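Coordinate analysis (summary)
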Amino acid sequence: MSLLAGNALDPKHFFKGGNPQVQGSSFDLTIGCIFDHQGKKVEGPFTIRPGHMVQVVSSEELILSNRLTGHVTYKTTMTRQGIWALTVGIVDPGWNGPIATTLLNFSRVDHCVAEGDPFLRISLFEHEAVPPEKLRNAPPLEAYLKDLQKIAASRFPETFLDTTQLVEAAGKNVLTRIRVEALVWVAGIALLFTLLQVIANFFTGSKASAPEVDALRTKVEMMQTELLKLEPLKSKGIDGVATPAPPRTTAPGTTLPVTPPAAVPASPPPSAPVTSGPDGSTSSPKLPGTRDNH
């Protein structure tokens, strides 16, 4: 196998149509057709925005004999500008048709492409004849272009790795996770503080009034209702994968019992002092509402 170079590179021997640009040991292929991400043919120049892609087809149609193999690569002048050709490689013997690829803008600025712009480089290698059954036959040009349009419209996103959808999905998942976990923590902390208040009242001997007990019961019921609303989200999972629901501490529709503080027993009234008379007898002062039994 030998690389064709110099005077051996005669475009008339290897191409039909187009305007291949002869280099020292290769040809530069030029853009003939441009298809956007919807599969529509672009008329005139097309601007590739950062992160976006476009399908392009060469204006040249290769004519490779059974003794020729082509090796297609991207142009370094385009890669320096942040434009990459994603589909490059070997063109088998017997191929008679154009070359198509996907251009991706990896740079931070817009890049304009138009018909006639060089976009690929092809080197030709001569070798022993390949049997007819091993030759690669190209489809008719019209069918080739129509198939490329279908691929562009159905398989390729507008941006590389479909970054727009990935960012939106990631942001939605993060916000959902934050919202669910924040509500669970807030409800749990509120419930904890409520229980601590009841326990503190119990040990300090403070007697809660009936309205205060009712208010605490209402708060607990509201917290349980919010937690039950969050259970479907927790069981579905943030990424759509079902996860087991946490064990329920109380049955739906029930409330946590609120133990009222124990009543402090009333202190007995103080006993009346005892006094002694001059004759040694003792007497106690009369309490209101009593009289002497003499």
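Conventions and cut-offs
Residues numbered from 1 in each chain as written. Predicted model: local features only at pLDDT ≥ 70, side-chain atom pairs only at ≥ 80, totals over all residues. Heavy atoms only, no water. Salt bridge = Lys/Arg side-chain N within 4 Å of Asp/Glu carboxyl O. Helix = DSSP H or I, 4+ residues; strand = E, 2+ residues; numbered from the N terminus. Buried < 20%, exposed > 50% of the residue type's maximum accessible area, 1.4 Å probe, protein only. Pairing = 2+ DSSP bridges. Core = buried A, V, L, I, M, F, W, Y, C linked by side-chain atoms within 4.5 Å. Contact = heavy atoms within 4.5 Å.

Per the stated rule, a full pass over the model turns up four salt bridges. With its nearest N and O atoms 3.5 Å apart, the salt bridge here joins aspartate 28 to arginine 121. Placement of the pair is aspartate 28 in strand 4 (residues 27–35) and arginine 121 in strand 13 (residues 118–126), with a sequence separation of 93 residues. Overall, aspartate 28 belongs to the buried group, its relative accessible area being 3%. With a shortest N-O distance of 3.7 Å, arginine 136 and aspartate 92 are connected by a salt bridge. Of this pair, arginine 136 sits in the loop between strand 13 and helix 3 (141–154) while aspartate 92 is found in the loop between strand 10 (89–91) and strand 11 (100–105), placing the two residues 44 residues apart along the sequence. Using a relative accessible area of 42% as the deciding quantity, one classes arginine 136 as partly exposed.

Glancing now at the pairing of strand 6 (residues 53–58). Burial within strand 6 is extensive, with six of its six residues counted as buried. Side chains Met53, Gln55 and Val57 of strand 6 all project onto a buried face; the interleaved residues Val54, Val56 and Ser58 project onto the opposite face, where all are buried too. Across five bridges, strand 6 lies against strand 11 in antiparallel orientation. Each bridged residue has a counterpart across the sheet, and for valine 56 the counterpart in strand 11 is threonine 101.

Right, let's talk about the nonpolar core for a bit. Judged by nonpolar contacts, the single largest core of 36 residues is most densely connected at Ile34, Val57, Leu62, Leu103 and Ile122. Mapped by element, the contributors of at least two residues to this core are strand 4, strand 5 (46–48), strand 6, strand 8 (68–74), strand 9 (83–85), strand 11, strand 13 and helix 3. With six residues, the single largest contributor to this core is strand 4. When residues no more than four places from it in sequence are discounted, the contact partners of leucine 103 are Ile48, His52, Met53, Val54, Val56, Met78, Ile83, Trp84, Ala85 and Val113.

None of the figures reported here should be taken as evidence of function without further support.
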